[in-house]
Amino acid sequence: MVRATARSPRSRWRYCRAGGQPTGHAVRVSAAPAPRTAFVLGGGGLLGAYEVGMLQALVEAGVRPDLVVGSSVGAINGAVIASDPTAGTVTRLREMWSALGTDAVFGGSLVGQVVTAARTRTHLHDHTALRRLVEAHAPVGLIEELQVPFQCVAASLERASAHWFTAGPITEAVLASASVPGLLPPLRIGDEHFLDGGLVDSIPVGRAVELGATEIYVLQVGRIERELTVPRWPWEVGMVAFEIARRSRYVEEMAALPAHVRAHVLPTGEDSAPLAQLRYRDTSAVAERIERAHRASAAYLREEAGGGATPGPDLAAEPAARD
């Protein structure tokens, strides 16, 4: 169980159980600097459709970001919403996700994928279709031209570390952040190669804090809610190992939130989400995921507006421990 208290300027999240962070809750802590609202969009492949529903709920509630940070598919969604955080942009995002089935970002026949894998020995697809999708829906060419300050993260192969894109071509930045290992090749920019941002910072809450955010809306795809179990099959070993690495940073960053920062973890509307999508090209559930997340997040935001922070089903008040 995860518990949170609002105690003193030194208040912190307290984690009593590993295995994830419940959603649809907020943490109230003491006041500090001038408010600065951030949207943090995490990774998750096609589960990124949930983020579109969350963005719709935020826009309808009148929540406007001062900062957007994204990782992996969250970089794609984040770059689009940072261009103009309005209902019209959410509509464009819906259209973009609806087009995934016809645009076939990870398209091609099984034979074609086998040929690509045999030729490259490292991946099944190239960046062509994804590049086309991003360019079609990014209204400006450079990060610094976006209405809202935006950053996204990718993993640098040469430096074995996170690289934050803060300026320059939007398409290259989000392609680098969304280059899933095995599916896409590393993206070369200059003399450096980049892979998916989820490898180094899947839900970059800490980056938002570093950039001065005081009110953070976490848009995640639901996997953090699922408790991990001991792997039973060979293919589960890698999935569980990656999920531990993915969650650990998020858990630590949420536990270390400064006292003046308030975080909202928006709900997907689903009880749980798969650790990995073996059918990574299946777009049949996109519309349903958008609607579920929209309904759940809108309900949460209404509760917030009506009565402040309302603990979720797994969040309970805990007597303050003495410092």
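Conventions used here
Residues numbered from 1 in each chain as written. Predicted model: local features only at pLDDT ≥ 70, side-chain atom pairs only at ≥ 80, totals over all residues. Heavy atoms only, no water. Helix = DSSP H or I, 4+ residues; strand = E, 2+ residues; numbered from the N terminus. Buried < 20%, exposed > 50% of the residue type's maximum accessible area, 1.4 Å probe, protein only. Contact = heavy atoms within 4.5 Å. Areas by Shrake-Rupley, 256 points an atom, 1.4 Å probe, with all protein chains shown as cover. Arc of directions from axis to C-beta. Polar contact = N/O pair within 3.5 Å; in protein donor to acceptor, adjacent residues only side chain to side chain. Phe/Tyr/Trp six-rings, centres within 6.5 Å; stacked < 30°, edge-to-face > 60°. Core = buried A, V, L, I, M, F, W, Y, C linked by side-chain atoms within 4.5 Å. Pairing = 2+ DSSP bridges. Salt bridge = Lys/Arg side-chain N within 4 Å of Asp/Glu carboxyl O. pLDDT = per-residue confidence, 0-100. Axes fitted to C-alpha atoms, helices over the stretch in contact; angles between N-to-C directions. Parallel < 35°, antiparallel > 145°, perpendicular 65-115°, else oblique. Left-handed = near helix turned anticlockwise from the far one by under 90°. Nonpolar A, V, L, I, M, F, W, Y, C, P; charged D, E, K, R; others polar. Right-handed = clockwise from strand over helix to strand, strands pointing away.

## Section: the overall build of the protein chain
Turning to step 1, where the next piece is worked out: A tally of regular secondary structure across the protein chain gives 10 helices and 12 strands.
Turning to step 2, where the next piece is worked out: Across the 323 residues of the protein chain, 51% fall into the buried class.
Turning to step 3, where the next piece is worked out: Restricting to contacts in the protein chain with at least 6 residues of sequence separation, those with at least 24 account for 78%.
Turning to step 4, where the next piece is worked out: Per element, the accessible surface of the protein chain, about 14400 Å² overall, is 55% carbon and sulfur.

## Section: helix α2 (residues 73-83)
Turning to step 1, where the next piece is worked out: When you tally the buried positions in α2, you get 11 out of 11 residues, the bulk of the element.
Turning to step 2, where the next piece is worked out: Those residues of α2 lying buried are Val73, Gly74, Ala75, Ile76, Asn77, Gly78, Ala79, Val80, Ile81, Ala82 and Ser83.

## Describing helix α6 (residues 128-137)
Turning to step 1, where the next piece is worked out: Buried within α6 are the following residues: Ala129, Leu130, Leu133, Val134 and His137. Down the axis, α6 shows its buried residues gathered within 135° of arc, on one side only.

## What about the environment of glutamine 151?
Turning to step 1, where the next piece is worked out: Here glutamine 151 is to be found in strand β6 (residues 150-156).
Turning to step 2, where the next piece is worked out: According to the relative accessible area criterion, glutamine 151 is buried, its value standing at 12%.
Turning to step 3, where the next piece is worked out: Non-local contacts of glutamine 151, meaning those with residues more than four positions away in its chain, are made with Val68, Val69, Gly70, Trp164, Phe165, Thr166, Arg207 and Leu211.
Turning to step 4, where the next piece is worked out: There is a polar contact of 2.8 Å between the side chain of glutamine 151 and the side chain of arginine 207.

## Some thoughts on the packing of aromatic side chains
Turning to step 1, where the next piece is worked out: A complete count under the given rule lists two aromatic pairs for this structure.
Turning to step 2, where the next piece is worked out: Between phenylalanine 165 and phenylalanine 194, the ring centres sit 5.3 Å apart and the planes meet at 65°, which makes this aromatic pair edge-to-face. On the criterion of sequence distance, the pair formed by phenylalanine 165 in strand β7 (residues 161-165) and phenylalanine 194 in strand β9 (residues 192-195) is long-range, its members being 29 residues apart.
Turning to step 3, where the next piece is worked out: By relative accessible area, phenylalanine 165 is classed as buried at 8%.
Turning to step 4, where the next piece is worked out: The exposure class assigned to phenylalanine 194 is buried, which follows from its relative accessible area of 2%.

## A few points about the nonpolar core
Turning to step 1, where the next piece is worked out: In this structure, Phe39, Leu55, Leu58, Trp97, Phe150, Val174 and Leu219 are the most contacted members of the largest nonpolar core, which totals 55 residues.
Turning to step 2, where the next piece is worked out: Ranked by residues supplied to this core, first place goes to helix α1 (residues 49-60) with eight residues.
Turning to step 3, where the next piece is worked out: For phenylalanine 150, the contacting residues outside a window of four places in its chain are Val68, Gly70, Ala75, Gly78, Ala79, Ala82, Ile143, Phe165, Thr166 and Val174.

## Digging into the pairing of strand β11 (residues 262-265)
Turning to step 1, where the next piece is worked out: Burial along β11 is two-sided: Arg262 and His264 and Ala263 and Val265, pointing in opposite directions, are all buried.
Turning to step 2, where the next piece is worked out: In this structure, strand β10 (residues 215-219) lies alongside β11, joined through four bridges in parallel fashion. By the bridge assignment, tyrosine 217 is partnered in β11 with histidine 264.

## Describing unusual backbone geometry
Turning to step 1, where the next piece is worked out: One non-glycine residue, serine 72, lies in the positive phi region at around 60°.
Turning to step 2, where the next piece is worked out: Mapped onto the elements, serine 72 comes out in the loop between β5 (67-71) and α2.
Turning to step 3, where the next piece is worked out: For alanine 160, which is not glycine, the phi torsion reads 50° and is therefore positive.
Turning to step 4, where the next piece is worked out: As for its placement among the helices and strands, alanine 160 is situated in the loop between β6 and β7.
Turning to step 5, where the next piece is worked out: What makes alanine 160 exposed here is its relative accessible area of 69%.

## Observations concerning the pattern of salt bridges
Turning to step 1, where the next piece is worked out: Taken as a whole and assessed by the stated rule, the structure comprises 11 salt bridges.
Turning to step 2, where the next piece is worked out: Residues glutamate 304 and arginine 262 are paired through a salt bridge, measuring 2.5 Å at the closest nitrogen-oxygen approach. Of this pair, glutamate 304 sits in helix α10 (residues 286-307) while arginine 262 sits in strand β11, placing them 42 residues apart in sequence. For the pair formed by glutamate 304 and arginine 262, the shared burial category is buried.
Turning to step 3, where the next piece is worked out: Note that glutamate 270 is salt-bridged to arginine 292, the shortest N-O span being 3.1 Å.

## Brief notes about the confidence of the model for the protein chain
Turning to step 1, where the next piece is worked out: Mean pLDDT over the protein chain: 78, with 71% of residues reaching 70 or higher.
Turning to step 2, where the next piece is worked out: Predicted confidence is poor over residues 1-21, with pLDDT under 50, and the contacts of this stretch with residues over four places away or in other chains come to 72 contacts.
Turning to step 3, where the next piece is worked out: Across residues 308-323, where pLDDT falls below 50, the model places 38 contacts with residues more than four positions away in sequence or in other chains.

## Brief notes about the packing of α6 against helix α7 (residues 170-177)
Turning to step 1, where the next piece is worked out: The interhelical angle for the contact between α6 and α7, taken along N-to-C directions, is 135°, at an axis separation of 10 Å. As far as their axial angle goes, α7 and α6 are oblique. For the element pair α6 and α7, the recorded crossing hand is right-handed. Along its contact with α6, which presents Leu130, Arg131, Val134 and Glu135, the element α7 presents Thr171, Glu172, Val174 and Leu175.
Turning to step 2, where the next piece is worked out: Class assignment for the residues of the contact of α6 with α7 results in four nonpolar, one polar and three charged.

## Section: the pairing of β5
Turning to step 1, where the next piece is worked out: Burial of β5 is extensive: five of the five residues sit out of reach of the surface.
Turning to step 2, where the next piece is worked out: Taking every second residue as pointing to the same face, both faces of β5 are buried, with Leu67, Val69 and Ser71 on one and Val68 and Gly70 on the other.
Turning to step 3, where the next piece is worked out: As defined by bridge partners, strand β4 (residues 37-41) adjoins β5 across four bridges and the pair is classed as parallel. Opposite valine 40, over in β5, you have valine 69 as the bridge partner.
Turning to step 4, where the next piece is worked out: Crossover β4 to β5 through α1 is right-handed.
Turning to step 5, where the next piece is worked out: Pairing geometry for β5 and β6, over four bridges, is parallel. Residue pairing across strands places valine 69 opposite glutamine 151, the latter belonging to β6.

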